[in-house]
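A look at the structure
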Amino acid sequence: MSLQLASTAPGGDDRPRSGPQRYVPFSEHLGLRVERAEGGESLVSVALRPELLNNHAAGHGGVLMTLLDSAMAHAALSRVAYAREVVTVDMHIAFMRPSNGVLQAEGRATGGGRSVCFCEATVTDASGEVAARAMGTFRYRDPA
């Protein structure tokens, strides 16, 4: 088993580790796509496939949580033009209904200051129905 350091992409490639097109292995594994991120708002999507479903044939809660987290993180990062990094400090999620198909999470920075950013995000499914909502706190930090 090989362990890669967080600052090194697999195979020594040069994929970006910061900025809007940052390489996040777990996000890539899930198939998350950052559709837009600017001015404290973001849109991140994922096409659900069989391995991302729960035993009820709906989007797994962990996938929805990751989608919400990613949308809020990109909203927080875009608020500072990706000049800093963020880490999730706290997240509260409400699951509204089962989800299927392509999911979209809209994230928005709602407040904060130099060291933290408060965000919210909503996941909708292909029919436009709200599947989940979240609020989160993100701590800014300088790039490593």
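Quantities reported herein were computed from a predicted structural model and do not represent experimental measurements.

Each value, and the rule that gives it
One numbering rule holds for all chains: residues counted from 1, following each sequence as written. Where totals are concerned, whole chains, interfaces and linings use all residues; where local detail is concerned, this predicted model gives features only for residues with pLDDT of at least 70, and gives and counts side-chain atom pairs only at 80 or more. Hydrogens are left out, water is left out, and the side-chain values use all remaining heavy atoms of the structure. If DSSP finds at least two bridges between two strands, the strands pair. A run of DSSP states H or I qualifies as a helix once it reaches four residues; a run of E qualifies as a strand once it reaches two. Both are numbered from the N-terminal end. In this analysis an axis means a line fitted to C-alpha atoms, helices contributing only their contacting stretch, and an angle means the value between N-to-C directions, from 0 to 180 degrees. For the exposure calls, accessible area comes from a 1.4 Å probe over protein chains only, and a residue counts as buried if that area is under 20% of its type's maximum, exposed if over 50%, partly exposed in between. Any Lys or Arg side-chain nitrogen found within 4 Å of a carboxyl oxygen on Asp or Glu counts as a salt bridge.

**Overview of the sheet that holds strand E3 (residues 85-95)**
Ordered by their spatial adjacency, six strands build an open sheet running E1-E2-E4-E5-E6-E3, and the pairing between neighbours is antiparallel. If you trace the sheet from one side to the other, it starts and ends with strand E1 (33-38) and E3, each paired once. Averaged over all pairs of adjacent strands, the angle between their axes in this sheet comes to 20°, without regard to strand direction. Looking at chain direction, strand E2 (residues 41-47) and strand E4 (residues 102-112) are connected through seven bridges and run antiparallel. Its bridge partner being in E4, alanine 47 is matched across the sheet by valine 102.

**Here we look at the pairing of E2**
Regular strands place their side chains on alternate faces of the sheet. The element E2 is extensively covered by neighbouring structure, given that five of its seven residues are classed as buried. By the bridge criterion, five bridges tie E1 to E2 in an arrangement that is antiparallel. The residue bridging alanine 37 from the neighbouring strand is serine 42, located in E2. Hairpin connection of E1 to E2: two residues between the antiparallel strands, including glycine 39 at a positive phi of 60°.

**What about the pattern of salt bridges?**
A complete count under the given rule lists seven salt bridges for this structure. Arginine 36 is the salt-bridge partner of glutamate 106, the closest N and O atoms lying 3.7 Å from each other. Taken together, the residues span a long stretch of sequence, with glutamate 106 in strand E4 and arginine 36 in strand E1 at a distance of 70 residues. On the accessibility criterion, arginine 36 (35% relative accessible area) is partly exposed. Across the salt bridge formed by arginine 108 and glutamate 120, the nearest N and O atoms sit 2.5 Å from each other. Here glutamate 120 lies in strand E5 (residues 116-124) and arginine 108 lies in strand E4, a separation of twelve residues in the sequence. The class for arginine 108 is partly exposed, based on a relative accessible area of 38%. Residue class for glutamate 120 comes out partly exposed when judged on its relative accessible area of 31%.

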